[in-house]
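Next come the chains, spelled out residue by residue.
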Amino acid sequence: MLEKKVRYNVAVVGATGAVGRKMLEILEERNFPVANLKVLASARSAGQTLTYNGKFLDVEELKENSFAAVDIALFSAGASVSQRFAPFAVKSGCIVIDNSSAFRMEPGTPLVVPEVNPETIGENPGIISNPNCSTIQMVLALKPIHDKFKIKRVVVSTYQSVSGSGQKAIDELQSQTKSILEERSFIPNVYPYQIAFNCLPHIDKFMSNGYTKEEMKMVEETRKILGDGSIGISPTTVRVPVLYSHSESLNVETERPISVANVKDLLSEMDGVRIVDNPKNNEYPLAIDAEGKDDVFVGRIRDDISCENAINFWVVSDNLRKGAALNAIQIAEYLTIRSESNK
Ligand SMILES: NC(=O)c1ccc[n+]([C@@H]2O[C@H](COP(=O)([O-])OP(=O)(O)OC[C@H]3O[C@@H](n4cnc5c(N)ncnc54)[C@H](OP(=O)(O)O)[C@@H]3O)[C@@H](O)[C@H]2O)c1
């Protein structure tokens, strides 16, 4: 349980990365009650400075003893870093909100999207996991449909931006695009192939069943968050040459009869979801419009003309915000509000 305070000591682990920088921005933007903010990264970044609320903060090297007096630690430095350092953070008494995949599927670890399953955060969570970015935006749209119509099966294809692979991938797409336009040669570094002007049906490593790890995360995490292991999920995850925001095409089949009007009604009531669906005026969710926004945008809602009780739609969200930093900070806000009501 987070002890109630007026302001909290917060650490951001991986503060120099794409998600970490976004966390600093969002903590400031949402006026999170921060007493002291510690910005931690690898030894490579120690001594650099980051800005928060108009102040310069020195980046410190992450160490086992970095968490003394820290109340909330927001981790976004990859699974191996979380695995090694999160237990030290918990030992020193702070609550860890972890963006990596390290603990997501551990039975005792809450995997939380605050609009969907905040009740799964127990009294003494220790570590709370933030789901994968492509899972978060999908479950926000699926939750009210599942509650009312019981989802049988979801077929999902993703169109994921390069920022989902971190700052180096953002730099690589920009530099490759420039090289191609200037007819200069280059060697792909972050991805196995050229990403500029290309699509790669390959995110994370391949598993023995022919799916990628990213695809299997969408299957397992969605079932855990919605608390229903019977939902069938058939994913294909694709990296596209977009800088920010992931897009997803969903086909959702339900047990009970469902209509476009039902889905529009349910999603218009869902916190964190905004419908943009006016094909007559060419209005539908776009990655470039979702960038920098908090909501998950849904559009192109239509009947599946090939299947009874099935609906198609398109879901777009800023992966660095709702898919990562914002969701983590909303969890932290939930903890602070809960500690208020428990005082
Ligand atoms: N990008 C997304 O959309 C997204 C969405 C959901 C979850 N996530 C997860 O969030 C995490 C970070 O992603 P990112 O996109 O921000 O990656 P990134 O831009 O590559 O940043 C990685 C961060 O981790 C730090 N780091 C690396 N090794 C470290 C070490 N040994 N000790 C301490 N810090 C270390 C880096 O510090 P240096 O600068 O010093 O190297 C940097 O601050 C990953 O677990 C990722 O799976 C990302």
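Residues numbered from 1 in each chain as written. Predicted model: local features only at pLDDT ≥ 70, side-chain atom pairs only at ≥ 80, totals over all residues. Heavy atoms only, no water.

**A closer look at the sheet that holds strand E10 (residues 246-254)**
To keep it simple, the criterion reads: We treat two strands as partners when DSSP finds at least two bridges between them. Secondary structure elements are defined from DSSP: runs of H or I of at least 4 residues count as helices, runs of E of at least 2 residues count as strands, and each element is numbered from the N terminus. Think of each axis as a best-fit line through the C-alpha atoms, taken over the contacting stretch in the case of a helix, with angles from 0 to 180 degrees between the N-to-C directions.
Ordered in space as E9-E8-E10-E13-E12-E11, the six strands form an open sheet in which the pairing is mixed. Because the sheet does not close on itself, it has two edges, and the strands there are strand E9 (232-239) and strand E11 (273-275). Direction aside, the axes of adjacent strands within the sheet are offset by 20 degrees on average. Pairing between strand E8 (residues 151-160) and E10: eight bridges, direction antiparallel.

**A short note on the state of the cysteines**
The condition that has to hold: When two cysteine sulfur atoms are found within 2.5 Å, that pair is recorded as a disulfide. Three labels apply to residues, based on accessible area from a 1.4 Å probe with only protein chains included: buried if under 20% of the type maximum, exposed if over 50%, partly exposed otherwise in between.
With the rule as written, the count across this model stands at zero disulfides. Free cysteine: Cys199, not disulfide-bonded; nearest cysteine sulfur from Cys133 at 17 Å. For Cys199, a relative accessible area of 47% puts it in the partly exposed group.

**A look at helix H1 (residues 18-29)**
Using the following cut-off: Take the residue count of a helix, subtract one, and multiply by 1.5 Å to get its expected span.
Helix length check: H1, at twelve residues, gives a terminal C-alpha distance of 17 Å against a target of 16 Å (1.5 Å per residue), a fit within 8%. Every buried residue of H1 is accounted for by Ala18, Val19, Gly20, Lys22, Met23, Leu24, Ile26 and Leu27.

**Focus on the pairing of E10**
With respect to burial, E10 is a largely interior element, eight of its nine residues being buried. Bridge analysis of E10 against strand E13 (residues 310-317) gives eight bridges, and the strand direction is antiparallel. Bridge pairing in E13 links Val252 to Ile311.

**Some details on unusual backbone geometry**
Backbone geometry places Asn53, a non-glycine residue, at a positive phi of 50 degrees. Mapped onto the elements, Asn53 comes out in the loop between strand E3 (49-52) and strand E4 (55-61). Exposure remark for Asn53: the relative accessible area of 43% places this residue in the partly exposed category. A positive phi angle is found at Ala69, which is not glycine, with a value near 70 degrees. Its location among the elements puts Ala69 in the loop between E4 and strand E5 (72-75). Relative accessible area serves as the criterion here: at 57%, Ala69 is assigned to the exposed category.

**Here's the deal with the nonpolar core**
Put simply, the test is: We define a nonpolar core as any set of buried Ala, Val, Leu, Ile, Met, Phe, Trp, Tyr and Cys residues linked to one another through side-chain atoms lying within 4.5 Å. In this analysis, two residues are considered to be in contact whenever any of their non-hydrogen atoms come within 4.5 Å of each other.
Judged by nonpolar contacts, the single largest core of 37 residues is most densely connected at Leu27, Leu37 and Leu74. Of all elements in the fold, only strand E1 (8-13), H1, strand E2 (34-41), E3, E4, E5, strand E6 (95-98) and helix H8 (321-341) reach the threshold of two or more residues within this core. Among the elements that make up this core, the one with the highest residue count is H8 (eight residues). With near-sequence residues (within four places) excluded, Leu37 lies in contact with Val10, Val12, Leu24, Leu27, Tyr52 and Leu57. Among the nonpolar cores identified, the runner-up in size contains 35 residues, and Ile136, Leu140, Ile258 and Val315 belong to it.

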